[in-house]
Amino acid sequence: MSISTVDVIVTSPGRNFVTLKIVTSDGVVGWGDATLNGRELAVASYLRDHLASTLVGRDEDRIEDTWQYLYRGAYWRRGPVTMAAIAAVDMALWDIKAKKAGVPLYQLLGGASREKLRVYAHASGNDYAALAQAIRGYVAEGYTAVRIQTGVPGLDSVYGVSATAKPGEKYDYEPAHRAADGSAATRPEEEDWDTPAYLRHVPSIFEKVREEFGPELRLLHDSHHRLSPIEAARLAKSLEPYDLFWLEDATPGEDQQAFRLIRQHSTTPLATGEVFNSVYDYQTLITERLIDYVRSAPTHTGGVTGMKKLLDFAAVYGIRSGIHGPTDVSPIGMAAALHIDLAIHNFGIQEYMPHSDLTLEVFRTSYTFDRGFLHPGDTPGLGAELDEDLATRHPYTAAYLPVNRLLDGTVHDW
């Protein structure tokens, strides 16, 4: 048997997704996620114009060989566009293999290492009252871990904080902006940022959260790469009394050695890597144990094969998974993450931002949520697929992540 057809579908049921469909000569269909937020068409072109023709006729069972063929054969290695394209192919081939075997994917990865997967929710608010209301809602639903993001005094908007949520509503935040009328964006929006105000404000928020919600609730926080190494060290130290599950992306991760400075000053656990796309991006971070959790997603890290290589490497050094699970990873990518989570030994926690009802009409899934935990389900394959007819009703609409500027006008990390 061999690969017969390769199709790329770009759809936008509330937000943009890139999906790969591979069909074998005996009619088995495999699905893969290649979504790259704000750069979707670059990956779609890479798949359609450069990879599709090289896949037709290949043996669909040779997953490792195909992964290496795509990774090494292009000469240009790594990078988010390349690795998202490889990821989609890899997911689709694993989907096919598991369907042919009649088992859920995790069974081919060594079987289940646990019964269910702890997830964390996103709680945010412009002020503490709104934030606390969001946390109460998640606790009532059974969540045992919550990411805390808050507005900063003096700033009109902050990346990662929903400014439109009403009291009692769940966190529903889409950072990739379109035009005000919903049409295609032509350029990113720009937001202000004030580091000193942020560093003063955040510890006071965590003090209030711990006072109200007690010591058992697992608390997480994302700095979104905004801090210099010494600023990140200061924040990590100031948050120690509040026993964080992790502090995420405290400083830009491409300077891996910068994390040494944070480690020298604080015992707050650290997580990073959602913008990384290969094991090499983590090499110093892992071998020197400068982080505690790996944050990549299969969609951006070469699929199931690439993610498994990364997490097996991390396991040697006692570092756990914290797979990226935002709504800019499609339900197909989310399903792939859950199968890996269930199988690996060094699982830590899974990020979970539920997709909108509209997205879940276009993508059908078998994974289930119950009182703060997820399970990928036992449908053969990934257990996630695209309804192509519905997908055509939601054409691509350009959207971009915002650009941050310091108060003096300097472009800054978001």
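The residue count restarts for each chain, going from 1 along the sequence in the order it is written. At least 70 in pLDDT is required for a residue's local features to be given in this predicted model, at least 80 for side-chain atom pairs to be given and counted, and no such filter applies to totals for whole chains, interfaces and linings, which use all residues. Side-chain calculation: all heavy atoms of the structure are included, whereas hydrogens and water are not.

Per an unreviewed UniProt entry, the protein goes by the name Enolase superfamily enzyme related to L-alanine-DL-glutamate epimerase and belongs to Saccharomonospora cyanea NA-134.

1. Comments concerning the overall build of the protein
Rules: Counting from the N terminus, the helices are the DSSP runs of H or I reaching at least four residues and the strands are the DSSP runs of E reaching at least two. The globule rule used here is 2.2 Å times the number of residues to the 0.38 power, and the radius of gyration it is set against is calculated over C-alpha atoms. Burial classification: accessible surface area is computed with a 1.4 Å probe over protein chains only, and a residue below 20% of its type maximum counts as buried, one above 50% as exposed, and the rest as partly exposed. By definition in these notes, contact holds between two residues if any of their heavy atoms fall within 4.5 Å. Per-residue and other accessible areas were derived by the Shrake-Rupley procedure at a 1.4 Å probe size, with only the shown protein chains allowed to occlude residues.
Counting its regular elements, the protein contains 13 helices and 18 strands. For a compact globule of 414 residues, the expected C-alpha radius of gyration is about 22 Å, and the protein comes in at 21 Å, within 12% of that figure. Its C-alpha atoms give the protein principal-axis dimensions of about 60 × 50 × 45 Å. Residues counted as buried form 58% of the 414 residues belonging to the protein. Considering only contacts within the protein whose residues lie at least 6 apart along the sequence, 73% involve residues at least 24 apart. Total accessible area on the protein stands at roughly 16600 Å², and carbon and sulfur atoms take up 49% of it.

2. Looking at the pairing of strand S6 (residues 190-193)
Along any regular strand the residues' side chains alternate between the sheet's two faces. Just so we agree on the cut-off: One requirement defines pairing of two strands: DSSP has to find at least two bridges between them.
The two faces of S6 differ: Glu 191 and Trp 193 on one face are buried, but Glu 190 and Asp 192 on the other face are not. Sheet topology note: the S6/strand S17 (residues 403-406) ladder contains 4 bridges and is parallel. Of the residues in S17, the one forming a bridge with Glu 190 is Val 403.

3. A short note on the packing of aromatic side chains
Centre distance and the angle of the planes are the two values used to describe a pair of aromatic rings. Which entries qualify depends on this criterion: Pairs were defined over the aromatic rings of Phe, Tyr and Trp, the Trp ring being its six-membered one, requiring ring centres within 6.5 Å. Orientation was assigned from the angle between planes: stacked under 30 degrees, edge-to-face over 60, tilted for the rest.
Tallying each qualifying case throughout the model produces 13 aromatic pairs. Geometrically, the ring pair formed by Tyr 75 and Trp 76 is edge-to-face, given 5.0 Å between the ring centres and 85 degrees between the ring planes. With a relative accessible area of 64%, Tyr 75 lands in the exposed category. By relative accessible area, which is 65% here, Trp 76 ends up exposed. Between Phe 313 and Tyr 317 the ring centres are 5.6 Å apart and the planes differ by 75 degrees, which places this aromatic pair in the edge-to-face class. Judged by relative accessible area, which is 24%, Phe 313 ranks as partly exposed. Put simply, the rings of Tyr 120, Phe 245, Trp 246 and Tyr 293 pair up and form one aromatic cluster.

4. Describing the domain arrangement of the protein
Where we set the bar: The domain boundaries here were taken from an automatic or database domain assignment. The term buried area refers to how much accessible surface (probe radius 1.4 Å) is lost by two components on association, counted for both of them together. What makes a salt bridge here is a side-chain nitrogen of Lys or Arg within 4 Å of a carboxyl oxygen of Asp or Glu, nothing more. Whenever a nitrogen or oxygen atom comes within 3.5 Å of another N or O atom, the pair is scored as a polar contact, on the condition that within protein one atom can donate a hydrogen and the other can accept it, and that pairs from neighbouring residues in sequence are kept only if both atoms are in side chains.
In terms of domain boundaries, the protein breaks down into domain 1 (2-104) and domain 2 (109-379). Put simply, the middle of domain 1 and the middle of domain 2, counted by C-alpha atoms, are 26 Å apart. Taken together, the contact between domain 1 and domain 2 spans 32 residues of the former and 35 residues of the latter. For the pair domain 1 and domain 2, the summed buried area comes to about 2400 Å², and 58% of that belongs to carbon and sulfur atoms. Where domain 1 touches domain 2, the interface holds 2 salt bridges. A salt bridge links Arg 78 to Asp 281; the nearest nitrogen and oxygen atoms lie 2.7 Å apart. Summed over the shared surface of domain 1 and domain 2, the result is 16 residue pairs in polar contact (both at pLDDT 80 or more). The set of elements that each furnish at least two residues to the side of domain 1 that touches domain 2 consists of strand S2 (17-24), strand S3 (29-33), helix H2 (63-73) and helix H3 (80-101). Among the elements that line the side of domain 1 that touches domain 2, the one with the most residues is H3, at 8 residues.

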